[in-house]
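# Notes for the structure review
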Amino acid sequence: MSSDDKMQERFGGFLDPTNDESAYGSAEEPLFGSRYTSHDIPRYEFPKKSMAPTVAAQLVRNMHQLDANPRLDMASFVTTWMDSEAEALIAETQAVNIVDTSQYPQCTEMEQRCIQMLAGLWHAPESGKTEGEQRLGTSTIGSSEACMLGGLALKRRWTVARKKAGKPADKPNLILGINAQVCWEKFNQYFEVEGRYVPVELDYPVMSADRIEQYADENTIGVVSMFGSTYNGQFEDVKAFNDKVEELNKKNGWDMKIHVDAASGGFVAPFIYPDLEFDFRLKNVNSVSASGHKYGLVYPGVGWIVWRNRACVDESLIFHVNYLGTDQPSLNLNFSKNANMIVAQYYQFLRLGFEGYQKIMRNLMQVAGHLAKGLLDTGHFVLIGGDKGLPVVAFALKTGRKNKEGDDIGYDEFDIMDRMKEYHWQLPAYNLPKNAEKQKMLRCVVREDLSYEMATDLVNDMKKCIEWLDHHFIYTEEKLKSLRKTFHPKGHPKHHDIGNKRHQAVC
């Protein structure tokens, strides 16, 4: 009897090839007695029939259960824990559209208070204590939108000045490190700005101020500083950027400014390195942006941008509409958005204050230090990058490592990433950017909910991972290329297929 016949014999009476959607659940039948448990559901076509809410909710939960645990995702900078009071406030304000200031003036006031608090934290020059003196800023969906607004303000400022001077304004460029976050590539593409990307070095994997001069000219709208590199958490030296920009401005009669992309660093440095000048204490810093949903300790998504003063933003970038009942100024790429994460940010500022944020950031640095020491003590790794930075541990395998038997290892950081998933850790492996791309590395982002004990567990799981890899034959892409040359010399018939996968275990 064939397998098809066996299937028909046992299950044929239960099969329904028409897959009728007439009864995907009702109030009378149990949750797991509804038809969805034994039939496929629409995936990419709009469902024809309704289903009970309990059934629909369970289907969603079933899909979500196959996702990774966010708390064990060491790749992400995004907040994965908030207290119950914050979560209640988030739920209560889910339906509030923050753009409608006339209907929700108190939520709008919370947004303004957050902006003024951040402006003070980043040393914006105006007092901000009265409405007429308030520093200019806005909330965004995340730091990417904030960066877009910062870049647009720089471009419009430069364009207006060029046209006023009777000079062409059709070839704007922006200087930034090749280590910049992808949102800046999007900005340059979307808004037709030439991105001048400065290469990095293996021993200094962020942009150096010494390189700015060779990329700058009269068409440079500004310089972007990554204050907390995505690659290794290292801070770029914004003060050195400021000094170089000031030198070039005086020498050439330019008026270049700096946008500080402090997506993560803006909520770390003020509490850990209060004397580190990265913000409006520096003359040429035009704007600072940060992500509230990273070390601002709020769930996604909320971002913030603050300008030095109102003169930094041309009025043409601020739009006014009245179709919500009153005049509504809008300085955003996005329009409608719910107020809940802004409310959550204000709650965190009230709840924690400077003291609370400082305690948390110090704890994160201690846990990161413990994790870094544990990884180094295994004898297998080196750290990538140094100097001041985020609570991020970036590391790589030592070169020339051998296993306990004295054999050269054939695996790399990408194999470690794959193997650590066996222990439920999501540990990203990647290459440094151009000019240092041969360096592979791993990264652990230490967030509020990664405890000292969990960091110890991660190190112990890493030891198990290395032990396993040391006793299995794993070939990296580079090793496979070498083997192909050995087994497939020129003019020799290809009798053996070594494989084309990025990483391949052969035993």
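Quick look at the structure, then. Residue indices follow the written sequence of each chain, beginning from 1 at its first position. Local features in this predicted model are restricted to residues whose pLDDT is 70 or higher, and side-chain atom pairs enter the listing and the counts only when it is 80 or higher, whereas totals over whole chains, interfaces and linings include all residues. Computation of side-chain values: all heavy atoms of the structure, hydrogens and water removed.

### Overview of the packing of helix α9 (residues 340-377) against helix α11 (residues 452-470)
Running from N to C, α9 and α11 point in directions that differ by 20°, and their axes come no closer than 9 Å. As judged from the angle between their axes, α9 and α11 are roughly parallel. You can see that α9 and α11 cross each other, and the crossing is right-handed. Taking contact as the criterion, the partners of Val367, His370, Leu371, Gly374 and Leu375 in α9 are, on α11, Tyr452, Ala455, Thr456, Leu458, Val459 and Met462. In the scheme used here, Gly and all other residues not listed as nonpolar or charged are polar, with Ala, Val, Leu, Ile, Met, Phe, Trp, Tyr, Cys and Pro taken as nonpolar and Asp, Glu, Lys and Arg as charged. The residue inventory of the contact of α9 with α11, partitioned by class, reads 8 nonpolar, 3 polar and no charged. Between N-to-C directions, angles span 0 to 180 degrees; the directions come from axes that are lines fitted to C-alpha atoms, helices contributing only their stretch in contact. Numbering of helices and strands runs from the N terminus; a helix is a DSSP stretch of H or I covering at least four residues, while a strand is a stretch of E covering at least two. When an angle is under 35 degrees it counts as roughly parallel; over 145 it counts as roughly antiparallel; between 65 and 115 it counts as roughly perpendicular; any other value is oblique. Left-handed describes a crossing whose near helix is turned anticlockwise from the far helix by less than a right angle; the clockwise case is right-handed. Residue contacts follow a heavy-atom distance rule, with two residues in contact if any of their heavy atoms lie within 4.5 Å.

### Some details on helix α4 (residues 105-121)
The end-to-end C-alpha distance of α4, which contains 17 residues, comes to 24 Å, matching closely the 24 Å that a straight helix rising 1.5 Å per residue would cover. Among all positions in α4, only Cys107, Thr108, Glu111, Cys114, Ile115, Gln116, Leu118, Ala119 and Leu121 are buried. Against the buried residues of α4 lie β1 (137-140), α8 (269-272), β7 (303-307) and α9. Working rule for helices: expected span equals 1.5 Å times residues minus one. Buried means the residue's accessible area, taken with a 1.4 Å probe over protein chains only, is under 20% of the maximum for its type, while exposed means over 50%, and partly exposed covers the values in between.

### Considering the pairing of strand β4 (residues 220-226)
Here β4 lies mainly inside the structure; 7 of its 7 residues are buried. Pairing of β4 with strand β5 (residues 258-261), which is carried by 4 bridges, proceeds in the parallel orientation. Paired with Val224 across the strands is His259, a residue of β5. Two strands qualify as a pair provided DSSP detects at least 2 bridges between them.

### What about the sheet that holds strand β12 (residues 429-431)?
Strand order in the open sheet formed by 4 strands is β10-β11-β13-β12, and the pairing between neighbours is antiparallel. Looking at which strands have only one partner, the edges of the open sheet turn out to be β10 (381-383) and β12. Sheet twist, expressed as the mean angle between neighbouring strand axes with direction ignored, is 40°.

### So, the packing of aromatic side chains
Side-chain rings of Phe, Tyr and Trp, where Trp is taken by its six-membered ring, are said to pair if the distance between their centres is within 6.5 Å; with planes under 30 degrees apart they count as stacked, over 60 as edge-to-face, and otherwise as tilted. By the definition in use, this model includes 12 aromatic pairs. Here the aromatic rings of Phe267 and Tyr357 are separated by 6.4 Å at their centres, their planes lie at 25°, and the arrangement is stacked. Placement of Phe267 in the loop between β5 and α8 and of Tyr357 in helix α9 is noted, with a sequence separation of 90 residues between them. This pair shows no difference in class: Phe267 is buried, exactly as Tyr357 is. Grouping aromatic residues by their ring pairs yields a cluster made of Phe267, Phe271, Phe349, Phe354 and Tyr357.

### Side note on the pairing of strand β13 (residues 440-445)
Within β13, 6 of the 6 residues are buried, leaving the element largely enclosed by the surrounding structure. The two faces of β13 match: Lys440, Leu442 and Cys444 on one face and Met441, Arg443 and Val445 on the other face are all buried. Direction of pairing for β12 relative to β13: antiparallel, over a ladder of 3 bridges. Bridging across to β13, Asn431 finds its partner in Lys440.

### As for the pattern of salt bridges
Between Lys or Arg on one side and Asp or Glu on the other, a salt bridge is scored when a side-chain nitrogen of the former is within 4 Å of a carboxyl oxygen of the latter. For the structure on display, the rule yields 21 salt bridges. For Asp255, the salt bridge is made with Lys257, and the minimal N-O distance between the two is 3.8 Å. Of the residues examined, Lys257 reaches a relative accessible area of 13% and is grouped as buried. The partner of Asp412 in a salt bridge is Lys440, with the nearest N and O atoms 2.7 Å apart. Of this pair, Asp412 sits in the loop between β11 (392-397) and α10 (413-420) while Lys440 is found in strand β13, placing the two residues 28 residues apart along the sequence.

### Things to note about the environment of Ala455
Following the sequence through the fold, Ala455 ends up in helix α11. Each C-alpha atom, one on Ala455 and one on Gly369, is 9.9 Å from the other, the two residues being 86 residues apart in sequence. Excluding anything up to four places from it in sequence, Ala455 contacts Val367, His370 and Leu371.

### So, the packing of helix α5 (residues 143-164) against helix α6 (residues 182-190)
To characterise two packed helices, one gives the angle between the axes of the helices and the distance between these axes. Direction vectors running N to C along α5 and α6 enclose 45°, while the axes themselves pass 10 Å from each other. Taken together, the axis directions place α5 and α6 in an arrangement best described as oblique. Judged by the twist between their axes, the crossing of α5 over α6 is right-handed. Across the interface between the two elements, Ser144, Cys147, Met148, Gly151 and Leu152 of α5 pack against Cys183, Trp184, Lys186, Phe187 and Tyr190 of α6. Considered class by class, the residues forming the contact of α5 with α6 number 7 nonpolar, 2 polar and 1 charged.

### Points about the sheet that holds strand β3 (residues 194-198)
Pairing within the open sheet is mixed, and its 7 strands lie in the order β1-β7-β6-β5-β4-β2-β3. Of all strands in the sheet, those with a lone pairing partner are β1 and β3, marking the two edges. Looking at each pair of strands side by side, their axes are set apart by 20° on average, direction ignored. Contacting β1, β2 (173-177), β4, β5, β6 (285-291) and β7, α5 runs over the sheet at an angle of about 25° to β7. Each of β2, β3, β4 and β5 is contacted by α6, which is oriented at about 165° to β2, the strand it contacts most.

### Focus: the side chain of Lys294
Within the fold, Lys294 resides in the loop between β6 and β7. The charged side chain of Lys294 is buried without a salt bridge, its nearest counter-charge being Asp261 at 7.4 Å. If we skip the residues at most four places from it in the chain, Lys294 touches Phe77, Val78, Thr79, Ser143, Ala263 and Ser264. His residues and chain termini do not enter the charge count, which takes Lys and Arg as positive and Asp and Glu as negative.

### Notes on the environment of Ala396
Note on placement: Ala396 falls in strand β11. Given a relative accessible area of 0%, Ala396 falls into the buried group. Residues Ala396 and Glu413 lie 17 residues apart in sequence; the distance between their C-alpha atoms is 6.9 Å. Residues in contact with Ala396, not counting those within four places in the same chain, are His380, Phe381, Val382, Ile384, Glu413, Gln439, Lys440 and Met441.

### Overview of unusual backbone geometry
Most peptide bonds take the trans configuration, and most residues that are not glycine carry a negative phi. Gly301 follows Pro300 through a cis peptide bond whose omega is 5°. Note that Gly301 resides in the loop between β6 and β7. The phi torsion at Leu297 lies on the positive side, around 70°, for a residue other than glycine. Locating Leu297 in the fold gives a position in the loop between β6 and β7.

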